[in-house]
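# Reading the structure
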Amino acid sequence: MAYDDYLDGEKVIITAALTGGVHGKEANPNLPETPEEIGKAAAACEEAGAAVVHLHARRDSGERSFDRDRFQAITEAVRSRTNLVVQHSTGGTGATLEARRQSLRTDPPPEMASLDMGPLNRYRHLTSENTRGMVDSLYDEMADRGIKPELEVFNDGHLNEVRGLLDRRDLADPVYATLIFGGGTTSPPSPRNLLNATENLPEGALFNTLGFGRHQLPLTTMGILLGGHVRVGLEDNVYYGPNELAESNAQLVARTAGLAETLGREPAAPDEAREILGL
Amino acid sequence: MPDVCPYLEYRQLGDETQSGDATDSRPRAYCNAAEEFVQAMRADVCNDRYGLDHEADCEIFREAAGPPEGVEGEGAGGD
Ligand code: SF4
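Please read all numbers here as calculations on a predicted model, not as lab measurements. (Residues numbered from 1 in each chain as written. Chains lettered and ligands numbered in written order. Predicted model: local features only at pLDDT ≥ 70, side-chain atom pairs only at ≥ 80, totals over all residues. Heavy atoms only, no water.)

## Observations regarding helix 6 (residues 156–168) of chain A
Residue and element names in this part refer to chain A. Operational definition: Numbering goes from the N terminus for both helices and strands, where a helix is a DSSP run of H or I of at least four residues and a strand is a run of E of at least two. What a helix is expected to span follows from its residue count: subtract one and scale by 1.5 Å. Burial status follows relative accessibility: with a 1.4 Å probe on protein chains alone, a residue under 20% of its type maximum counts as buried, one over 50% as exposed, and anything between as partly exposed. Only heavy atoms enter the contact rule, under which two residues are in contact if any of them lie within 4.5 Å.
Between the first and last C-alpha of helix 6 there are 19 Å, a value that for 13 residues agrees with the 18 Å anticipated at 1.5 Å per step. Those residues of helix 6 that sit buried are H158, L159, E161, V162, G164 and L165. Residues of helix 6 that are buried in the fold lie against strand 6 (112–116), helix 5 (132–145), strand 9 (148–153), strand 10 (176–181) and helix 7 (191–199).

This is the structure we're talking about:
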C-alpha cells in the first residue's frame, strides 16, 4: 500500500479496539468491559464507520480474562448486534500460551485474530514474550480454524519477524500488518518512523496504523494519507483531546471516519473490508 | 499455590476517582501500597495468576516492602 492507494481513493478499513487488556474503567469509565457493554459499543462503532472490531475479554472485576466462554459471550453479543468483522486478541503479557489460544476456540471462530510478532516490555518486570515458537503455534491454530492473522508489529525489528514468519509459513494474501507507535518497546511515534515502516513491509502487504495516546490522531491521519488502514479506540487511547477523556469508542471512530471522508477516502463497510482483506 | 498480594483489596470504583461510574457496583482491584486502583494487566500480578508473582514482578510491592533484611541500600554489599 502506498500514497497511490490514497490518490486512487481506496476505501479505508477502520478497526475499533474497544477495551484491550492493560487498563480498565479506572482509566476511563466509558471503556466497555462486560459482554453487554462491548456488544453495545461495537454496534455504536459500526454505526460510526468501523468495519472491524478488535476484542479482548474481561472478568466481572474488569481484569483480563482468557476464558473461552467469556470470549464466546462477547462474540455473541457483538455478532447479534452487528455485521462487523470480528477479530479476537491473542495477546497476553505474562499469560500462558494455552490461555492465549482460548480466544481462537469460539464457535464460530473469529474471522481474524491478532498475532504479536515479538517481545515487548511491560511495567518494570514483565515481558510479553512472543517467542517464534509461540508465534508459530498460535498461527498454526489460526490456519487450522480458517482465521486470518493480523500481524502486530510493535517495532521495526518485528518487520524482520514478519519476513521470518513468511519464510516459515504460507500466509494467505494479502498479508495484513498493524504498525504500532508509542512508548517503551513500540516504535517511537513519529511521521518518519511510520513512513520507514511502510517502506519495510513485504511486497503486497496491507497495513493498519495504530498510535498510542495522543499519537492516535496524527498517526492514523497519516496512515490514511499513505493509503493504509487505521485502528482507533479506548484500548489504545482513552482521550479525545488534551485532558479530555473520550466519551466512547464510537466518538473516536466517528472522528476518524470524518477525517477519512474529508481526505477523500470513504470508510469501508464490513463486507467491503472482508473483500479487501480476503476473508 | 498462588497467593495474593497483601496490599491488594477489592473496592468499588467511584468513591476515590472523579471519573468513576458510581452506578458500577462490581468491586475492583485496589492497591493499598500505591493507594490507587490497579490496571487490568497488573491485577494478574496482584493475584499471582499465570505464574506471575507479586514479590518478583511488581515494583510497587518491592518498593513498599523495602530492602530485604540486612541490606541497607543500593550501596550495601560489594562484588
Ligand atoms: S500493585 Fe503491586 S503492591 Fe499493589 S496490590 Fe498489586 S502486586 Fe501488590
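From this point, the narrative continues.
## Re empty space enclosed by the protein
All names here are of chain B. Put simply, the rule reads: Of the two site types, the cavity is a set of points on a 1 Å grid over the protein atoms alone where a 1.4 Å probe fits but cannot get out, and the pocket is an open set with protein on both sides within 12 Å along at least five of seven lines, each lined by residues with an atom within 4 Å of a point. Grid points are joined across faces, edges and corners, and a volume is the space filled by probe spheres set on the points.
A complete count under the given rule lists three cavities of 30 Å³ or more for this structure. Volume-wise, the largest cavity comes out at about 110 Å³. Around the largest cavity, the lining is made up of 13 residues, and of these C5, C31, C46, C58 and F61 lie nearest the centre. Sorting the residues of the lining of the largest cavity by element identifies helix 1 (40–46) and helix 3 (59–65) as the ones contributing at least two each.

## Quick notes on the packing of aromatic side chains
The condition is simple: Two rings from Phe, Tyr or Trp (for Trp, the six-membered ring) form a pair when their centres are within 6.5 Å of each other. A pair whose planes differ by under 30 degrees is stacked, one over 60 is edge-to-face, and the rest are tilted. When the NZ atom of lysine or the CZ atom of arginine is within 6 Å of a ring's centre and also within 35 degrees of its normal, the charge is said to sit over that ring.
One pass over the full model with this rule turns up four aromatic pairs over all chains. A centroid spacing of 5.4 Å and a plane angle of 85° characterise the contact between F66(A) and Y50(B), whose relative ring orientation is edge-to-face. Taken as a pair, F66(A) in the loop between strand 4 (64–65) and helix 3 (68–79) and Y50(B) in the loop between helix 1 and helix 2 (54–57) lie in two separate chains rather than in one. Classification of Y50(B) as partly exposed rests on a relative accessible area of 24%. Geometry around Y240(A) places R255(A) over its ring, the cationic atom sitting 4.0 Å from the centre. Taking NZ or CZ as reference, R11(B) lies 3.7 Å from the ring centre of Y30(B), over its face.

## Re the side chain of H229(A)
All names here are of chain A. Here is the rule: A 3.5 Å cut-off defines polar contacts: any pair of N or O atoms within that distance qualifies, except that in protein one atom must be a possible hydrogen donor and the other a possible acceptor, and neighbouring residues in sequence count only when both atoms are side-chain atoms.
Note that H229 resides in strand 12 (residues 229–232). Among the polar contacts made by the side chain of H229, one reaches the main-chain amide nitrogen of I13 at a distance of 2.8 Å. Excluding anything up to four places from it in sequence, H229 contacts M1, K11, V12, I13, Y176, L206, F207, N208, T209, R265 and I276.

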